[in-house]
Amino acid sequence: MAEMTTRNDHVVHPDLHTLDEERHLLPEAGGYALGLLRLAFGFYFLWAFVDKLFGLGFATPAERAWLNGGSPTTGYLSGVEGPLAGFYTGMAGIAIVDWLFMLGLLGIGLTLMTGMGARVGALAGALMYLFMYGASLPTVTNPFLDDHLTGALVMIVIATIPASWHYLGLGKIWKNVAPSYLR
């Protein structure tokens with residue numbers, strides 16, 4: 001197998017089309033950056049779960065905590081305006097929606113924090129961001145793009161680049177024990 005070089009004399013793999021999860025062209029610093037990004041978003045989801053569960057007073061006051069009988073979806077979904085308002089306000093406060101939302105926050109947060117099952121968690125995170133985007137229409141500061149769409153794009157990056165699960169997490173271990181559809 002002959003080695004090819006670029007103009008900068010960096011070695012380039014001759015069969016770039018055969019690269020797999022084990023061999024990638026991402027510099028090690030890029031892997032750490034993606035791992036850090038995964039951890040940051042994991043903490044974001046996990047923190048939302050904990051704050052809504054206990055009512056720590058950041059986004060959720062103690063009296064509206066889920067453990068105190070509050071609904072984690074009522075506050076946000078009751079105030080939705082725009083073209084999808086009927087869809088979202090109709091879901092506000094429904095017990096199964098509260099459970100799915102909270103389990104989603106917990107699952108996404110844990111998979112992203114550990115790197116185990118991060119692909120599935122990141123795809124679920126992208127879906128949750130898209131639902132939140134629908135609830136925020138029309139956007140206020142930009143006619144199309146907002147932080148929900150940006151978050152969904154980041155989740156897609158995390159889901160599609162294996163280095164983001166392997167660095168700063170347990171993704172390499174998970175890959176060896178989990179079925180392929182759960183990686």
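These figures come from a predicted structure and were not determined experimentally. (Residues numbered from 1 in each chain as written. Predicted model: local features only at pLDDT ≥ 70, side-chain atom pairs only at ≥ 80, totals over all residues. Heavy atoms only, no water.)

## Quick look at the packing of helix α1 (residues 28-54) against helix α4 (residues 95-114)
Phase 1 of the analysis: It is at 7 Å that the axes of α1 and α4 come closest, and there the two elements cross at 145 degrees. Judged by the twist between their axes, the crossing of α1 over α4 is left-handed. In this structure, α1 uses Arg 38, Leu 39, Phe 41, Gly 42, Phe 43, Phe 45, Leu 46, Ala 48, Phe 49, Lys 52 and Leu 53 to contact α4, whose residues at the interface are Phe 101, Met 102, Leu 105, Leu 106, Ile 108, Gly 109, Leu 110, Leu 112, Met 113 and Thr 114.
Phase 2 of the analysis: The class makeup of the residues in the contact of α1 with α4 is 16 nonpolar, three polar and two charged. (Axes fitted to C-alpha atoms, helices over the stretch in contact; angles between N-to-C directions. Helix = DSSP H or I, 4+ residues; strand = E, 2+ residues; numbered from the N terminus. Left-handed = near helix turned anticlockwise from the far one by under 90°. Contact = heavy atoms within 4.5 Å. Nonpolar A, V, L, I, M, F, W, Y, C, P; charged D, E, K, R; others polar.)

## What about the packing of α4 against helix α5 (residues 118-136)?
Phase 1 of the analysis: Two numbers describe how α4 lies on α5: the axes approach to 8 Å, and their chain directions differ by 135 degrees. Here α4 is positioned oblique relative to α5, judged by the angle of their axes. Of the two elements, α4 crosses α5, and the hand of that crossing is left-handed. Facing α4, whose interface residues are Phe 101, Gly 104, Leu 105, Ile 108, Thr 111 and Leu 112, α5 presents Ala 118, Gly 121, Ala 122, Ala 124, Gly 125 and Met 128.
Phase 2 of the analysis: Each residue belonging to the contact of α4 with α5 can be placed in one class, and the counts come to eight nonpolar, four polar and no charged. (Parallel < 35°, antiparallel > 145°, perpendicular 65-115°, else oblique.)

## Some remarks on the confidence of the model for the protein chain
Phase 1 of the analysis: Here the protein chain averages 88 in pLDDT, and 86% of its residues register 70 or above.
Phase 2 of the analysis: Across residues 4-20, confidence stays below pLDDT 50; counting only partners more than four residues off in sequence or on other chains, it has 14 contacts. (pLDDT = per-residue confidence, 0-100.)

## Description of unusual backbone geometry
Phase 1 of the analysis: Residue Pro 138 follows Leu 137 across a cis peptide bond; omega there is -10 degrees.
Phase 2 of the analysis: Mapping Pro 138 onto the fold places it in the loop between α5 and α6 (147-160).
Phase 3 of the analysis: If you check the backbone angles, Leu 168 has positive phi at about 55 degrees while not being a glycine.
Phase 4 of the analysis: For Leu 168, the location among the structural elements is in the loop between α7 (163-166) and α8 (171-177).
Phase 5 of the analysis: Its relative accessible area of 41% is what places Leu 168 among the partly exposed residues. (Buried < 20%, exposed > 50% of the residue type's maximum accessible area, 1.4 Å probe, protein only.)

## Focus on a nonpolar patch on the surface
Phase 1 of the analysis: Taken together, the side chains of Phe 43, Trp 47, Phe 54, Leu 56, Phe 58 and Leu 67 define a hydrophobic patch exposed on the protein surface, amounting to about 660 Å² of accessible area.
Phase 2 of the analysis: For Phe 43, the location among the structural elements is in helix α1. (Patch = residues over 30% accessible without salt bridge, like charges linked within 9 Å, V, L, I, M, F, W, Y side chains within 5 Å. Areas by Shrake-Rupley, 256 points an atom, 1.4 Å probe, with all protein chains shown as cover. Salt bridge = Lys/Arg side-chain N within 4 Å of Asp/Glu carboxyl O.)

## Considerations on the packing of aromatic side chains
Phase 1 of the analysis: One pass over the full model with this rule turns up nine aromatic pairs.
Phase 2 of the analysis: Ring plane angle 80 degrees and centroid distance 4.9 Å describe the contact between Phe 87 and Tyr 88, whose orientation is recorded as edge-to-face.
Phase 3 of the analysis: Members of the aromatic cluster, each reached through a chain of ring pairs, are Phe 41, Tyr 44, Phe 45 and Tyr 129. (Phe/Tyr/Trp six-rings, centres within 6.5 Å; stacked < 30°, edge-to-face > 60°.)

## Notes on the environment of Phe 101
Phase 1 of the analysis: Tracing the sequence through the fold places Phe 101 in helix α4.
Phase 2 of the analysis: Sequence-wise, Phe 101 and Met 128 are 27 residues apart; in three dimensions their C-alpha atoms are separated by 8.6 Å.
Phase 3 of the analysis: When sequence neighbours within four positions are dropped, the list of residues in contact with Phe 101 reads Lys 52, Pro 72, Thr 73 and Met 128.

## Some details on α6
Phase 1 of the analysis: With 14 residues, α6 ought to run about 20 Å at 1.5 Å a step, and its terminal C-alpha atoms sit 20 Å apart, in line with that.
Phase 2 of the analysis: What α6 keeps buried is the set His 148, Leu 149, Gly 151, Ala 152, Val 154, Met 155, Ile 158 and Ala 159.
Phase 3 of the analysis: If you follow the buried residues of α6, they end up packed against α1, α2 (74-78), α4, α5 and α7. (Expected span 1.5 Å × (residues − 1).)

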